[in-house]
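Residue-level structural notes
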Amino acid sequence: MIHFVLLISRQGKVRLTKWYSPYTQKERSKVIRELSGVILTRGPKLCNFVEWRGYKVVYKRYASLYFCMCVDQEDNELEILEIIHHYVEILDRYFGSVCELDLIFNFHKAYYILDEILIAGELQESSKKTVARLIAAQDSLVETAKEQASSISNIIAQATK
Amino acid sequence: MNPFSSGTRLRDMIRSIRACKTAAEERAVVRKECAAIRAAINENDQDYRHRNLAKLMFIHMLGYPTHFGQMECLKSIASAGFPEKRIGYLGLMLLLDERQEVLMLVTNSLKQDLNHTNQYIVGLALCALGNICSAEMARDLAPEVERLLQFRDPNIRKKAALCSIRIIKKVPDLAENFINPAAALLKEKHHGVLITGIQLVTDLCKVSTEALEFFRKPKCLDGLVKTLRDVVNSPYAPEYDIAGITDPFLHIRLLKLLRVLGQGDADASDCMNDILAQVATKTESNKNAGNAILYECVETIMSIEDNGGLRVLAINILGRFLSNRDNNIRYVALNMLMKAITVDAQAVQRHRATILECVKDLDASIRKRALELVCLLVNESNVKPLTKELIDYLEISDQEFKGDLTAKICSMVEKFSPDKIWYIDQMLKVLSEAGNFVKDEVWHALIVVISNASDLHGYTVRALYRAVQTSIEQESLVRVAIWCIGEYGDMLVNNGGVLNIEDPITVTESDAVDVVEIAIKHHSSDITTKAMAMVALLKLSSRFPSCSERIRDIIVQNKGSLVLELQQRSIEFNSIVEKHQNIRSTLVERMPVLDEATFSGRRAGSLPATVSTSSGTSLNLPNGVAKPAAAPLVDLLDLSSDDAPVPSSSGNDFLQDLLGVDISPASVQPGTSQAPKAGTDVLLDLLSIGSPPVQNNSTPSDILSSSQDNKSSVAKLDGLSPTPSGGAASMIDLLDGFVPNSPKPEDNGPAYPSIVAFESSSLRLTFNFSKPPGNPQTTLIQATFTNLSPNVYTDFVFQAAVPKFLQLHLDPASGNTLPASGNGSITQTLRVTNSQHGKKPLVMRTRIAYKLNNRDVLEEGQINNFPRDL
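Residues numbered from 1 in each chain as written. Chains lettered and ligands numbered in written order. Predicted model: local features only at pLDDT ≥ 70, side-chain atom pairs only at ≥ 80, totals over all residues. Heavy atoms only, no water.

**What about the overall build of chain B?**
Scanning chain B from N- to C-terminus turns up 39 helices and ten strands. Long-range contacts, defined here as pairs at least 24 residues apart, represent 67% of the contacts in chain B between residues at least 6 apart. Accessible surface, chain B as shown: approximately 37,000 Å² in total, 52% of it carbon and sulfur. (Helix = DSSP H or I, 4+ residues; strand = E, 2+ residues; numbered from the N terminus. Contact = heavy atoms within 4.5 Å. Areas by Shrake-Rupley, 256 points an atom, 1.4 Å probe, with all protein chains shown as cover.)

**Quick look at the overall build of chain A**
When its secondary structure is counted, chain A shows five helices and seven strands. Moving toward the C terminus, one meets the helices and strands of chain A in the order β-β-α-β-β-β-α-α-α-β-β-α. Evaluated residue by residue, chain A yields a buried proportion of 58% over its 161 residues. In chain A, once contacts between residues fewer than 6 apart in sequence are set aside, the share between residues at least 24 apart is 46%. (Buried < 20%, exposed > 50% of the residue type's maximum accessible area, 1.4 Å probe, protein only.)

**Looking at the sheet that holds strand 6 (residues 793-801) of chain B**
Residues and elements named next belong to chain B. If you trace the three strands from one edge of the open sheet to the other, you get 6-9-10, paired in antiparallel fashion. The open sheet has two edge strands with one neighbour each: strand 6 and strand 10 (855-863). Pairs of neighbouring strands in the sheet enclose a mean axial angle of 15°, with direction left out of account. Here strand 6 runs beside strand 9 (residues 844-852); their pairing, made up of seven bridges, is antiparallel. Across the sheet, the residue bridging to F798 is I848, located in strand 9. (Pairing = 2+ DSSP bridges. Axes fitted to C-alpha atoms, helices over the stretch in contact; angles between N-to-C directions.)

**A few points about the interface of chain A and chain B**
Interface size is commonly expressed as the accessible surface area that is lost when the partners come together. Listed per partner, the contact involves 65 residues of chain A and 69 residues of chain B. Of the roughly 5,900 Å² buried between chain A and chain B on both sides combined, carbon and sulfur atoms contribute 55%. Inspection of the chain A/chain B interface yields seven salt bridges. A salt bridge links R369 of chain B to E51 of chain A, with the nearest nitrogen and oxygen atoms 2.8 Å apart. At the junction of chain A and chain B, the tally comes to 26 residue pairs in polar contact (both at pLDDT 80 or more). Taken together, the elements giving at least two residues each to the side of chain A that touches chain B come down to strand 2 (14-19), helix 1 (25-40), strand 3 (49-52), helix 2 (77-95), helix 3 (100-105), helix 4 (107-117), strand 7 (122-123) and helix 5 (128-159) of chain A. No other element matches the twelve residues that helix 5 of chain A contributes to the side of chain A that touches chain B. (Buried area = accessible area lost by both parts, 1.4 Å probe. Salt bridge = Lys/Arg side-chain N within 4 Å of Asp/Glu carboxyl O. Polar contact = N/O pair within 3.5 Å; in protein donor to acceptor, adjacent residues only side chain to side chain.)

**Considerations on the pattern of salt bridges**
Under the defined criterion, the tally for this structure stands at 38 salt bridges over all chains. Between R15 of chain A and E100 of chain A there is a salt bridge whose closest N-O contact spans 2.9 Å. Of the two residues, R15 of chain A is situated in strand 2 and E100 of chain A in helix 3; the sequence distance between them amounts to 85 residues. Each member of the pair, R15 of chain A together with E100 of chain A, is buried. For D514 of chain B, the salt bridge identified is with R550 of chain B, shortest N-O distance 2.5 Å. In this pair, D514 of chain B is assigned in helix 28 (residues 509-521) and R550 of chain B in helix 30 (residues 548-557), connecting sequence segments 36 residues apart. On the basis of relative accessibility, which here comes to 29%, the residue D514 of chain B falls in the partly exposed class. Its relative accessible area of 26% is what places R550 of chain B among the partly exposed residues.

**Remarks on the pairing of strand 8 (residues 825-834) of chain B**
Taken residue by residue, a regular strand's side chains alternate between the two faces of the sheet. Residues and elements named next belong to chain B. Judged by how many residues are buried, strand 8 sits mostly within the fold: seven of ten residues are covered. Sheet topology places strand 5 (residues 778-787) next to strand 8; nine bridges connect them, and they run antiparallel. Bridging across to strand 8, F785 finds its partner in I826.

**Observations concerning the nonpolar core**
Judged by nonpolar contacts, the single largest core of 286 residues is most densely connected at Y87 and L118 of chain A together with L92, F215 and I355 of chain B. Considering every element that reaches this core, the biggest residue donor is helix 27 (residues 475-493) of chain B, with twelve residues. (Core = buried A, V, L, I, M, F, W, Y, C linked by side-chain atoms within 4.5 Å.)

**Re helix 20 (residues 352-359) of chain B**
Working note: α-helix, 3.6 residues per turn, so residues spaced by three or four point in the same direction. Residues and elements named next belong to chain B. Within the sequence span of helix 20, burial applies to I355, L356, C358 and V359. Down the axis of helix 20, the buried set is contained in an arc of 155°. They therefore lie on one face. Of the exposed residues in helix 20, the ones pointing more than 90 degrees away from its buried face are A353 and E357. Buried residues belonging to helix 20 abut helix 17 (308-322), helix 18 (327-343), helix 19 (345-349), helix 21 (364-377), helix 22 (383-396) and helix 23 (399-416). (Arc of directions from axis to C-beta.)

**Section: the environment of T22 of chain B**
Secondary-structure assignment places T22 of chain B in the loop between helix 1 (10-19) and helix 2 (23-42). In terms of polar contacts, T22 of chain B uses its side chain to reach the backbone amide nitrogen of E25 of chain B, at 3.1 Å.

**Some points on the sheet that holds strand 5 of chain B**
All names here are of chain B. Spatial strand order, 3-4-5-8-7: five strands in an open sheet with antiparallel pairing. With one partner strand each, in any of the chains shown, strand 3 (755-759) and strand 7 (806-810) form the two edges of the open sheet. Each strand axis lies, on average, 25° off the axis of its neighbour in the sheet, ignoring direction. Bridge count between strand 7 and strand 8: five bridges; the pairing is antiparallel. Across the sheet, L810 pairs through a bridge with L830, a residue of strand 8.

**A few points about the side chain of Q278 of chain B**
Tracing the backbone through its elements, the reader meets Q278 of chain B in helix 15 (residues 266-282). In contact with Q278 of chain B, not counting residues within four places along its chain, are R229, V232, N233 and T283 of chain B.

**Quick word on the environment of Y423 of chain B**
All names here are of chain B. Considering the arrangement of structural elements, one finds Y423 in helix 24 (residues 420-434). Residue Y423 is classed as buried on the basis of its relative accessible area, which comes to 3%. Residues Y423 and V413, ten residues apart in the sequence, show an inter-C-alpha distance of 6.3 Å. Non-local contacts of Y423, meaning those with residues more than four positions away in its chain, are made with V413, E414, S417, A445, L446 and V449.

**Side note on a nonpolar patch on the surface**
A surface patch of nonpolar side chains, amounting to about 300 Å² of accessible area, comprises I527, L562 and V563 of chain B. Structurally, the position occupied by L562 of chain B is in the loop between helix 30 and helix 31 (564-579). (Patch = residues over 30% accessible without salt bridge, like charges linked within 9 Å, V, L, I, M, F, W, Y side chains within 5 Å.)

**So, the confidence of the model for chain A**
Any region with low pLDDT has predicted coordinates that should not be read closely. Per-residue pLDDT for chain A averages 90, and the proportion of residues at 70 or more is 100%. The lowest-confidence element of chain A is helix 5 of chain A, averaging 88 in pLDDT; the highest-confidence one is strand 5 (residues 65-71) of chain A, averaging 94. (pLDDT = per-residue confidence, 0-100.)

**With respect to the environment of V232 of chain B**
Residue and element names in this part refer to chain B. Turning to its location among the elements, V232 is positioned in helix 13 (residues 218-233). Given the relative accessible area of 23%, V232 is considered partly exposed. In this structure, the C-alpha to C-alpha distance between V232 and I275, residues 43 residues apart in sequence, is 9.1 Å. Excluding residues that lie within four positions of it along the chain, V232 makes contacts with H251, Q278 and V279.

**Considering the pairing of strand 9 of chain B**
Relative to strand 10 of chain B, strand 9 of chain B runs antiparallel, the two sharing nine bridges. Residue pairing in the sheet places Y850 of chain B in a bridge with V857 of chain B of strand 10 of chain B.

**Description of the packing of helix 8 (residues 135-148) of chain B against helix 9 (residues 154-170) of chain B**
Packed helices, taken two at a time, are described by the angle between their axes plus the distance between the axes. All names here are of chain B. Direction vectors running N to C along helix 8 and helix 9 enclose 150°, while the axes themselves pass 9 Å from each other. One finds that helix 8 runs roughly antiparallel with respect to helix 9. Here helix 8 runs over helix 9; the crossing is left-handed. Counted together, A135, A138, A142, V145 and L148 of helix 8 and I156, R157, A160, C163, S164, I167 and K170 of helix 9 form the full contact between these two elements. Class assignment of the residues belonging to the contact of helix 8 with helix 9 gives a composition of nine nonpolar, one polar and two charged. (Parallel < 35°, antiparallel > 145°, perpendicular 65-115°, else oblique. Left-handed = near helix turned anticlockwise from the far one by under 90°. Nonpolar A, V, L, I, M, F, W, Y, C, P; charged D, E, K, R; others polar.)

Structure below.
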């Protein structure tokens, strides 16, 4: 199973963290510090796996962002690379050629998408189309709720004029 | 309106944080935002709750504390609208984890949402539950999740399946409830449901044997094999296609489940042979997705019950992987070969050359894997070429890799060396290349081996002499070299015991002294090396009388050393060289042969084993008190053999009496070839140049004892065990005078209260304590046994055992019959030496055996209530 997902920028800034196993706040920042030290310093042609505290961290760099997933020793590293790529492709479709800034300002959306791909550290959906559809449906639910709210407040505003 | 709560938009906050040039600026911005959010929380501001939560999450991600927002998440979840719930659940998963008590409060909201009519809200609740639920929540909400496994919308079913995984991992008892609904999921067509369903079944099989039996039945297994066949043969499906393969994720999960089902079940393994062969041969291996499937397939083939043909296929795939240019593929190949080696070692041996190349790879992850694999590949027949390769590589390897590499080479050489001379040769090579990376116990072991190989002493000391000329900066090489030169310096100079294979060299006495002098003066030598060099010099002063003057000069130079230990040695040795010519030669005799068996036994007992598989059974326990059950027994037995009456002190022992040094069992070590006179022996002790106190069973190997604390073991090796300066001074006085003065009355140290060490209805044991003057590590314990029963005890025997950091000596008891009803007692003196004096208190296990009306009685106990600082 995937124990956590990290997105780290090349400068070592954290862009997204998702923890599927319990870590205290202190442990979390220690993990992030340790791993960014290891991963950011690795050369470009090396393999995408780092052995760390009895786990394996699979990482892949996309532009300025490192996508890291920590898995058990016996998990399939190559498959995790595919899962990372799966996530990146879905982000890319959602934002339309995604960049780091998209993920900074819309970090909550990046989380919503991740929640449609992984639950309990396991893969949930292998179809990008399905994920996109589910996210779109929920976004539109939010939009309608907003519209309703603003129309109600308009009505109230008009009524109290 | 509150001036803060007008607030900024999320986007603006992120912008202003990003605009910060320094960490201090960022903190200021965050502080201001947090203040605003708190104010909003206090006012129970509903309009901006959504935005505030989003801000908090961002702040949380930057690493600032956000616990004050946790309740806001719960409120947000409890509100009716989808947008509020969505952000609320996100915050819940981000800001809380399963260990927080607050989480309990959300159980009710979760329950309501799991029954909500809006499927997206149900989805949110399932997602949150799957990611952070605790065992209690799992119990409370399992029925809801179970029901949702049959929900009409497949997207809810798949979420419920993953949520069930979390539940059964938290509460394995619940597994059986999920077996039937999970079996239903396997028949689905929707890939999401199928993937999650298969994953659920896999995890069910891991926690419950009942589930494993259920899914092994042909009814289920055939279905799975058919599903895999369908997906392998399925035509192009754009929705699931990755690199020309339809849904590799589904492939992989099916293969994984087949592995779990086939392991240890020949029938089940048979069912899947065909499809595995098909996957192994038909899958394209030019893209990562295909390789991921092949990798999983190989692992399944290796794990299920034997089928020769399939395994050949699998090993061939790994061979192909190993020669791949992509580092990822090579990494997984090495990884898998480690598992394959238990199945088919011969096949893996074929790839030895390639694996050795991987040890030299640029990539640290690959190197590490390859090195571990090489260590598994070593056997008696290939140890020589493999070691040669690795040692050659040691010269050019990265600094940070040398530590690992040397450790592995050393363990390989130690385990498989065909003869001693080869072992010594290889170790010298390693020490000359990477002596600074070698752990202490490795060179300790080398010294033990050298000491045991009496025909190789001359050869070794000459080889070391040569090696040290070129590699003076390798500390552990220098240590071994000066130890050997000190011991066998004469063989170096007269070319004693020359082997045919050696090139003759001529070394003069002063050349040999040069080496030691360089070591003692070298800037990188630490105190251990210097102290060892000092001892070597003392030994050489006797072996090479012509250099005696020069050696004395070198020794004297350290008289002013800032390090107490060196200063002390310098003064003591100087006085031996100058004034005590007559005893010097006996003092510096060669060390007795070190006992290999004891040393290796100790190592095994007190060090975390180097082989990862056995690390779990290491005896390395934190306080050295709690031992596995067997150990105390052994100790007890050992001790009982020491109980033999001790010869009373002979005339030679006056010094010991004077100094209050523990000498009673100064009877010489059984098995040591030389038996120095008791008097010199104690001198040795005092000067700590040779064997540590010749006391009961554990001695000579003590030198090499690698106790848990590495530092202390080094200290012991060199006899550096700290002596309080007062005591040391008095010894020097005595030595200088060398007259049996009557001891100065000394402070007996603080008095310690007596304790009742053991009390049962029938027996009481009390301890009285005293300290011999000038030796704070040693405690004399007067044990008094009193019989509380109305019957006489006969054949009364008291035994005791202590952890390794203590040394225990039992004097004979005053008798073996204990009169009834407290009308008399037995006394016995115990002498305990605490090597961790001041750090660890005493502790002891006892066993008392006696006969009551001709019936054997045994009473055991542990004594933990010793006064502190004994």
